[in-house]
Amino acid sequence: MDIETRLAELGINLPAPAAPVAAYVPAVEVNGLLHISGQLPFREDGTIVTGRLGQDVDLAQGAEAAKRCGVMLIAQIKAALGGDLSRVERIVKLGAFIASTADFTDQPKVANGASELMQAVFGDAGRHARSAVGVPVLPLGAAVEIDAIVAVRPL
């Protein structure tokens, strides 16, 4: 399956990869694994989905925010691989951080927004291990942040 074709079929336009907001790099490839730094939920207009689940962001909005993180993850993967998404062998793991109130317990349902995107784009290679953790606050007030580990084919 051609990933670019699949993205087009899904109506997904990859944005320019977000620049780091602190002292880190967006991606590091080592020993066949590509580690992607945490990505925030940028809307298509460039604004960030902010707020906390269980307070001012509902479950559907949270899942959409996670999907937006997933779109940015794919943009970062593409940039790190010199534009060649065919090098992706497997999405190994996603780490989802969800800004939420102490009584909100649906973090896994929020993270599904990104998980389902990876499976839709990469097929079976998009099935992955995952963590979904509630946190009190995220950078820039983001509702969700997600990082990834991706197995890649050598050049």
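Residues numbered from 1 in each chain as written. Predicted model: local features only at pLDDT ≥ 70, side-chain atom pairs only at ≥ 80, totals over all residues. Heavy atoms only, no water.

Trainee: What's the story with the pattern of salt bridges in this structure? I'm lost.
Mentor: If charged atoms from side chains of opposite charge come close, those side chains can pair. For the coordinates displayed, the defined rule picks out five salt bridges. Ionic pairing is found between Glu 4 and Lys 78, a salt bridge with its closest N-O pair at 3.0 Å. Highlighted residues: Glu 4 in helix α1 (residues 3-9) and Lys 78 in helix α2 (residues 59-80), separated in sequence by 74 residues. A relative accessible area of 33% places Glu 4 in the partly exposed class. When its relative accessible area of 25% is taken as the criterion, Lys 78 is described as partly exposed. One salt bridge connects Arg 68 with Glu 44, and the closest N-O pair in it is separated by 3.8 Å. Taken together, the positions of Arg 68 in helix α2 and Glu 44 in the loop between β2 (33-39) and α2 put the pair 24 residues apart, joining distant regions of the chain. Accessibility expressed as a relative area gives 12% for Arg 68, which makes it buried. (Salt bridge = Lys/Arg side-chain N within 4 Å of Asp/Glu carboxyl O. Helix = DSSP H or I, 4+ residues; strand = E, 2+ residues; numbered from the N terminus. Buried < 20%, exposed > 50% of the residue type's maximum accessible area, 1.4 Å probe, protein only.)

Trainee: Quick question: what am I supposed to make of the nonpolar core here?
Mentor: Among soluble globular proteins, nonpolar side chains are generally buried collectively. Counting 36 residues, the largest nonpolar core has Ile 77, Val 144 and Ile 146 as its most contacted members. Contributing elements (two or more residues each) for this core: α1, β2, α2, β3 (88-99), α3 (107-122) and β5 (144-152). Ignoring any residue separated from it by four or fewer positions in sequence, one finds Ile 146 in contact with Ser 37, Gly 38, Gln 39, Ala 66, Cys 69, Leu 73, Leu 94, Gly 95, Ala 96 and Ala 114. One finds Leu 40, Ile 48, Leu 138 and Ala 142 within the second-largest nonpolar core, a separate group that totals six residues. (Core = buried A, V, L, I, M, F, W, Y, C linked by side-chain atoms within 4.5 Å. Contact = heavy atoms within 4.5 Å.)

Trainee: What am I meant to see in the pairing of strand β1 (residues 27-30) here?
Mentor: Each regular strand carries side chains that alternate between the two faces of the sheet. Across four bridges, β1 lies against β2 in antiparallel orientation. Paired with Val 28 across the bridge in β2 is His 35. In textbook terms, the turn of a hairpin is the stretch between consecutive antiparallel strands, and for β1 and β2 this stretch comprises two residues, one of which, Asn 31, has a positive phi near 50°. (Pairing = 2+ DSSP bridges.)

Trainee: Quick question: what am I supposed to make of the sheet that holds β2 here?
Mentor: Either a parallel or an antiparallel arrangement is found when strands of a sheet pair, and the pairing is made through backbone hydrogen bonds. In space, the five strands of this open sheet follow the order β1-β2-β5-β3-β4, with mixed pairing throughout. The sheet is open, and its two borders are formed by β1 and β4 (129-135), each paired with just one other strand. For this sheet the average axis-to-axis angle between neighbouring strands, irrespective of direction, equals 15°. Lying over the sheet, α2 contacts β1, β2, β3 and β5, oriented at roughly 40° with respect to β5. (Axes fitted to C-alpha atoms, helices over the stretch in contact; angles between N-to-C directions.)

Trainee: Sorry, what's going on with the side chain of Gln 39 here?
Mentor: Positionally, Gln 39 belongs in strand β2. A distance of 2.9 Å separates the side chain of Gln 39 from the backbone oxygen of Ser 37, its partner in a polar contact. In this structure the side chain of Gln 39 is engaged in a polar contact, spanning 3.2 Å, whose partner is the side chain of Gln 76. Sequence-distant contacts of Gln 39, that is, excluding residues within four places in its chain, are made with Ala 18, Cys 69, Met 72, Leu 73, Gln 76, Val 144, Glu 145 and Ile 146. (Polar contact = N/O pair within 3.5 Å; in protein donor to acceptor, adjacent residues only side chain to side chain.)

Trainee: Sorry if this is basic, but what is going on with the layout of surface pockets here?
Mentor: A water-sized probe, rolled over the atoms, reveals where empty space remains. Here the largest pocket defines a volume of roughly 200 Å³. Looking at which element gives the most residues to the lining of the largest pocket, the answer is β2, with three residues. Its residues placed into classes, the lining of the largest pocket shows nine nonpolar, four polar and one charged. (1 Å grid on protein atoms, 1.4 Å probe; cavity = no way out; pocket = protein on both sides within 12 Å on 5 of 7 lines; lining within 4 Å. Points joined across faces, edges and corners; volume = space filled by probe spheres on them. Nonpolar A, V, L, I, M, F, W, Y, C, P; charged D, E, K, R; others polar.)

Trainee: Help me understand the environment of Ala 111, please; the structure alone is not making it clear to me.
Mentor: Positionally, Ala 111 belongs in helix α3. Beyond its immediate sequence surroundings of up to four residues, Ala 111 is in contact with Ala 66, Ala 96, Arg 130 and Ala 132.

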